[in-house]
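Okay, here's what each chain looks like letter by letter:
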Amino acid sequence: MRNVKISAIGTYVPPRVLTNSDLEKLVDTSNEWILERTGILERHIADPEMATSDLAVEAGKAALEMRGIDAAELDAILVCTVTPDHFFPSTACLVQHRLGAKHAWGFDLIAACSSFVFGLTTGAHLVGAGTHKKVLVIGADTMSRIIDYTDRTTCVLFGDGAGAMLIEPAEDGEPGFVGFRNEVDGSGGEALKMPAGGSRLPPSHETVEQRLHYVKQDGQAVFKFAVRRMHEISAGLLEQTGTPASDVKLMIPHQANLRIIKATADRLGLSPEQVVINIEKYGNTTAATIPLATMEAINDGRLKKGDLVLFSAVGAGFTIGANLWRWAI
Ligand code: UT7
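Residues numbered from 1 in each chain as written. Predicted model: local features only at pLDDT ≥ 70, side-chain atom pairs only at ≥ 80, totals over all residues. Heavy atoms only, no water.

### Re the site of the ligand
Near the ligand lie 23 residues; those nearest to it are Thr29, Cys113, Gln220, Asn257 and Asn284. Here Gly219 contributes a backbone N or O atom positioned 3.0 Å from a nitrogen atom of the ligand. In the environment of the ligand, an oxygen atom lies 2.9 Å from a nitrogen or oxygen atom belonging to the side chain of His254. Bound to the protein, the ligand loses 74% of the 950 Å² it would expose on its own. (Near = heavy atom within 4 Å. Polar contact = N/O pair within 3.5 Å; in protein donor to acceptor, adjacent residues only side chain to side chain. Areas by Shrake-Rupley, 256 points an atom, 1.4 Å probe, with all protein chains shown as cover.)

### Notes on the pairing of strand S1 (residues 4-12)
The two faces of the sheet receive side chains in turn, since in a regular strand these alternate between them. Within S1, 7 of the 9 residues are buried, which leaves it mostly tucked inside the rest of the structure. The pairing of S1 with strand S7 (residues 160-169) spans 8 bridges and is classified as antiparallel. Bridge assignment links Ala8 to a residue of S7, and that residue is Leu166. (Buried < 20%, exposed > 50% of the residue type's maximum accessible area, 1.4 Å probe, protein only. Helix = DSSP H or I, 4+ residues; strand = E, 2+ residues; numbered from the N terminus. Pairing = 2+ DSSP bridges.)

### Some remarks on helix H8 (residues 219-240)
Structural remark: α-helix, 3.6 residues per turn; residues separated by three or four positions point the same way. Along its 22 residues, H8 runs 31 Å from first to last C-alpha, staying within 8% of the 32 Å computed at 1.5 Å per residue. Considered for burial, the residues of H8 that qualify are Val222, Phe225, Ala226, Val227, Arg229, Met230, Ile233, Ser234, Gly236, Leu237 and Leu238. Once H8 ends, the next one or two residues include Gly242, with phi positive near 65°. (Expected span 1.5 Å × (residues − 1).)

### Things to note about the side chain of His132
In this fold, His132 is placed in the loop between helix H5 (115-128) and strand S6 (135-142). Take His132: its relative accessible area is 10%, and that puts it in the buried class. Looking at His132, its side chain comes within polar contact range of the side chain of Trp105, at 2.9 Å. Of the polar contacts made by the side chain of His132, one reaches the backbone oxygen of Leu126; its length is 3.4 Å. Apart from the residues within four sequence positions on either side, His132 is in contact with Arg2, Asp75, Ala76, Trp105, Leu126 and Val127. (Contact = heavy atoms within 4.5 Å.)

### Looking at the environment of Val135
With respect to the element layout, Val135 can be found in strand S6. Accessibility expressed as a relative area gives 0% for Val135, which makes it buried. When the C-alpha atoms of Val135 and Leu64 are compared, they prove to be 11 Å apart, with 71 residues separating the residues in sequence. Residues within four places of Val135 in sequence aside, it is in contact with Ala76, Leu78, Gly123, Leu126, Val127, Met165, Leu166 and Ile167.

### So, the nonpolar core
In terms of nonpolar packing, the biggest core is built from 44 residues, with Val215, Met251, Leu270 and Leu310 touching the most fellow members. Looking at this core, the elements with two or more residues in it are H8, helix H9 (258-268), strand S12 (308-315) and strand S13 (319-326). When residues in this core are grouped by element, the largest group, 8 residues, is from H8. When neighbours within four sequence positions are excluded, Leu270 is seen to be in contact with Ala245, Met251, Ala265 and Val275. Listed in part, the 34 residues of the second largest apolar core include Leu126, Ile252, Ile290 and Val309. (Core = buried A, V, L, I, M, F, W, Y, C linked by side-chain atoms within 4.5 Å.)

### Considering the sheet that holds S13
Taking strand neighbours across the sheet as the criterion, the 4 strands line up as S8-S13-S12-S11 in an open arrangement whose pairing is mixed. The open sheet has two free edges, formed respectively by strand S8 (177-184) and strand S11 (250-253), since each of these has just one partner strand. Across the sheet, the axes of successive neighbouring strands diverge by a mean angle of 10°, strand direction being ignored. Strand contacts of H5: S8, S12 and S13, with the helix running at about 55° to S13, the strand carrying the most contacts. (Axes fitted to C-alpha atoms, helices over the stretch in contact; angles between N-to-C directions.)

### Here's the deal with the state of the cysteines
The full count for this structure, using the stated rule, is 0 disulfides. In this structure Cys155 is a free cysteine whose sulfur lies 16 Å from that of Cys113, the closest cysteine sulfur available. (Disulfide = S-S within 2.5 Å.)

### Description of the packing of H8 against H9
Their axes nearest at 9 Å, the elements H8 and H9 cross at an angle of 35°. Handedness of the crossing formed by H8 with H9: right-handed. In this structure, H8 uses Phe223, Ala226, Val227, Arg228, Met230, His231, Ser234, Ala235 and Leu238 to contact H9, whose residues at the interface are Arg259, Ile260, Ala263, Thr264, Arg267 and Leu268. Looking at the contact of H8 with H9, its residues break down into 9 nonpolar, 3 polar and 3 charged. (Left-handed = near helix turned anticlockwise from the far one by under 90°. Nonpolar A, V, L, I, M, F, W, Y, C, P; charged D, E, K, R; others polar.)

These values are about where atoms sit, not about what they do.
Below you can see the structure in the form of structure tokens.
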């Protein structure tokens, strides 16, 4: 496999903010409960006329602008999402058209909260194989469209957003992709799902009445699994690549719950300075959490060229993933 690097990043969040006190007016919850149990203070919500492709296009444009290239140079676009505009055409097709990426093919990648990690791994291998030179990986989710704002156990957790990273070949010795470890454990499928709308339970009056087109979660089951597996996958990747935890400049984890992140960092022996947390501002944006947190680390001066960065996530499925990259921008 040829060396590959992340050569640009772009993000987008819709401007409208939904605070914990706004949610106090919708369901029986409190700012204290949400903050203490999740670490979330507010999240961004897309206006009704916006869909996932709109967020994805903005993030994609920002990444192309950072790199200073035209979309026509892209070879492929991967849109990581659980909230596509439609089942088909894929959101990747919509984004390809809107960006004017006339030489790119692409597809949607569904791995819930691990989507972006799986997308980075896939993009790295497309470029690493020598068959692609520029692959745009976008994580974009409009979770507000599949959240039940009468269900206090889920509506406080999620937000909307998008982020994109461009993957390109790297010169020998240049910082870039170090390794990956991705897994699925389909035995956990029932713990976090949107039950209806697919071929198992097509839309009907009954599915709508029973609110089956919304996210349903066994929070405790997901929590326990995430704490255990996010540590294991990350520790496994560090071992596989011969990397001591002290060499990791930053762990940029999926942002689902502050307690999951802190438990993972503790078990890995990482100091707070080695962990990026921005869940308080965005909540869980599913496929967008990792690029949003990465952008924040860059803007805060915490992530610089040559730094070793560990991306890790656990999501519905269950899906579990970790990637190690040396940051190249
Ligand atoms: O992105 C990947 C997937 N998602 C995750 O990783 C999420 C994993 N799970 C979690 O983050 C946590 O389980 C939650 C944040 C969802 C819930 O926290 P918890 O500490 O596991 O709370 P719980 O479900 O055990 O509920 C404790 C209590 C219950 O009341 P009782 O039965 O003790 O009277 C809930 O009904 O808190 C109640 N509760 C709430 N109270 C106020 C649940 N949601 C709320 C709420 N406001 N929003």
